[in-house]
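Residue-level structure breakdown
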Protein chains: 2
Amino acid sequence: MKSIPFPTLQRLCTLFQILTDLKKNTHLQTSSLELAALCGTTAFTIRKDIATLGVTGNSGQGYAVEKLMQLIGNSLGFFEKKRIGVIGIGSLGSALIKHSGFNNNEFEVVAAFDSNINKIETTKAVVPLFPFYQLSSVVNRLKIDYGLLAVPPDAAQGVTDKLVESGIKGIINFAPIIVKSTDNTIFIRNVDMAAELRILTAQNYVKSIEHLHQ
Amino acid sequence: MKSIPFPTLQRLCTLFQILTDLKKNTHLQTSSLELAALCGTTAFTIRKDIATLGVTGNSGQGYAVEKLMQLIGNSLGFFEKKRIGVIGIGSLGSALIKHSGFNNNEFEVVAAFDSNINKIETTKAVVPLFPFYQLSSVVNRLKIDYGLLAVPPDAAQGVTDKLVESGIKGIINFAPIIVKSTDNTIFIRNVDMAAELRILTAQNYVKSIEHLHQ
DNA sequence: CTCTAGCTGTGATTTATTTCACTAATTTAT
DNA sequence: ATAAATTAGTGAAATAAATCACAGCTAGAG
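Now for a description of the structure that goes with this document. (Residues numbered from 1 in each chain as written. Chains lettered and ligands numbered in written order. Predicted model: local features only at pLDDT ≥ 70, side-chain atom pairs only at ≥ 80, totals over all residues. Heavy atoms only, no water.)

**Regarding the packing of helix H1 (residues 6-24) of chain B against helix H3 (residues 43-51) of chain B**
Residue and element names in this part refer to chain B. The contact between H1 and H3 brings their axes to 10 Å, and the two run at 100°. In terms of orientation, H1 lies roughly perpendicular with respect to H3. Here Thr8, Arg11, Leu12 and Leu15 of H1 come into contact with H3, specifically with Thr45, Ile46, Asp49 and Ile50. Split into classes, the residues belonging to the contact of H1 with H3 amount to 4 nonpolar, 2 polar and 2 charged. (Axes fitted to C-alpha atoms, helices over the stretch in contact; angles between N-to-C directions. Helix = DSSP H or I, 4+ residues; strand = E, 2+ residues; numbered from the N terminus. Parallel < 35°, antiparallel > 145°, perpendicular 65-115°, else oblique. Contact = heavy atoms within 4.5 Å. Nonpolar A, V, L, I, M, F, W, Y, C, P; charged D, E, K, R; others polar.)

**Some remarks on the protein's contact with DNA strand D**
The environment of DNA strand D is made up of 22 residues, and the closest members are Ser32(A), Lys48(A), Thr56(A), Ser59(A) and Tyr63(A). Backbone atoms, meaning sugar and phosphate, form 61% of the atoms of DNA strand D found within 4 Å of the protein. In the environment of DNA strand D, a base nitrogen lies 3.0 Å from a nitrogen or oxygen atom belonging to the side chain of Arg47(A). Lys48(A) places a polar side-chain atom, nitrogen or oxygen, 2.8 Å from a base oxygen of DNA strand D. Elements with a minimum of two residues in the surface near DNA strand D: helix H3 (43-51) of chain A together with H1 and H3 of chain B. Considered class by class, the residues forming the surface near DNA strand D number 4 nonpolar, 13 polar and 5 charged. (Near = heavy atom within 4 Å. Polar contact = N/O pair within 3.5 Å; in protein donor to acceptor, adjacent residues only side chain to side chain.)

**Describing the sheet that holds strand E4 (residues 107-114) of chain B**
Residue and element names in this part refer to chain B. The strand order E5-E4-E3-E6-E7-E8 describes an open sheet built from 6 strands, whose pairing is parallel. The open sheet has two edge strands with one neighbour each: strand E5 (129-131) and strand E8 (187-190). Averaged over neighbouring strand pairs, the angle between their axes works out to 20° when direction is ignored. As judged from the 6 bridges shared by strand E3 (residues 82-87) and E4, these two strands associate in the parallel manner. Bridge pairing in E4 links Val86 to Ala112. (Pairing = 2+ DSSP bridges.)

**Description of the side chain of Gln17(A)**
Relative to the helices and strands, Gln17(A) resides in helix H1 (residues 6-24). On the basis of relative accessibility, which here comes to 16%, the residue Gln17(A) falls in the buried class. Excluding residues within four positions of it along the chain, Gln17(A) makes contact with Pro176(B), Asp192(B) and Arg198(B). (Buried < 20%, exposed > 50% of the residue type's maximum accessible area, 1.4 Å probe, protein only.)

**A look at the packing of aromatic side chains**
Applying the stated criterion across every chain yields a total of 8 aromatic pairs over all chains. Site record: aromatic cluster; members linked through ring pairs are Phe16(A), Phe78(A) and Phe79(A). Directly above the aromatic system of Phe78(B) lies the positively charged group of Arg198(A), at a separation of 6.0 Å from the ring centroid. (Phe/Tyr/Trp six-rings, centres within 6.5 Å; stacked < 30°, edge-to-face > 60°. Lys NZ or Arg CZ within 6 Å of the ring centre and 35° of its normal.)

**Observations regarding the relation of the copies chain A and chain B**
In the superposition of chain A on chain B (RMSD 0.1 Å, axial shift 0.0 Å), the rotation amounts to 180°. The operation mapping one copy onto its partner corresponds to a two-fold rotation axis. Here 100% of the interface residues in chain A have copies in chain B that are interface residues too; the copies meet face to matching face. (Least-squares fit on C-alpha atoms with pLDDT ≥ 70 in both.)

Here you go:
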């Protein structure tokens, strides 16, 4: 199998989500056109994306929802359950611990960490809480695969380094700073929610300017 | 000014964040090379990106942090304060209300909404809370520019439609479903946190497979 | 005052991605 | 059974974006 372009990988992840929803609504059959509409892209793109996973061989009449879901899920490893750790139990961290998207048959939050010992003792949570100094040992013992970073921005890079040392497979950083690792076998994604909003406002602003200048 | 490619716009938003941080640390002068390292890209790209904003005319010796920040901020409208509404005050919504990234001199959360009247009466929050049926009127009265959607996925599209009707400028949807508007003057970004993690796991999985096959 | 080192600005090139156009396969209706 | 309609698969073309290479500018050292 040739390597998958990143935009394609992103869309395949979205497709998987869409197929899961379709299945839930007992929508058994679909087509590239329908998927394109749901995914916000074109039918060409959907077909090309699916083609990168290898031939499925059902040219005449669309895709079977379940079969396509299995194909994508198997190709990208979505059926292996991943163990998640949340670092930082402020309001965002607490929300992540409870978030349905991280507690299902794909992901499981198995631990959370905070530097504030008091908080650990007083917070009620559905997952075990640990002080930050136990990060490495707990990551190893509980076999945590991925970390969700919800600490203040000035702590984010330090925690990242510690996580990488501990042998974690990947990190999603929600702090508004770009964290990196010198070890480029570790995948890191920086998700800055305020930046997302900033992008939106910038698009709007640029549009309004162009409108004036036209 | 020619229109700005979307990847460039994204990076300029990141750059603005980085420059803000540099300024805070009294780092007054910088270069495309330094910015590239902080931004996770190359110096070529940084220079090209800045060039899309029009000539700055400081060819010889790097960029003044403050001046570049002003240029980007002015070009993309970051110095006009935006008024934010949060819809859905579950754990994620509550976290967004308090999030420092949405409460600074760029953004201000001015209201939050929920369909559950009980929750509105019993929740303590730093912003006024409103029942969902007042959405349109409050968006108008409080001049809310942007909406952050943190409602359950099956409610997300309905709320989106209502927000668009109310004349909002843009929406960030955190529910794990793709919401759309037929009115394409409204900018919408779907931020699915679980999808971000799924992308990460997929990258890892594909990498491990390639490793086996090599 | 001149030379050097370091940096930006930008047209040209390369690479990546999307879009297109057409073929082949399958189903449905008659 | 055949025609018509629908849909996937895919090499080719077009578009978009990233990268490069180098000319030109600036500041500071000698």
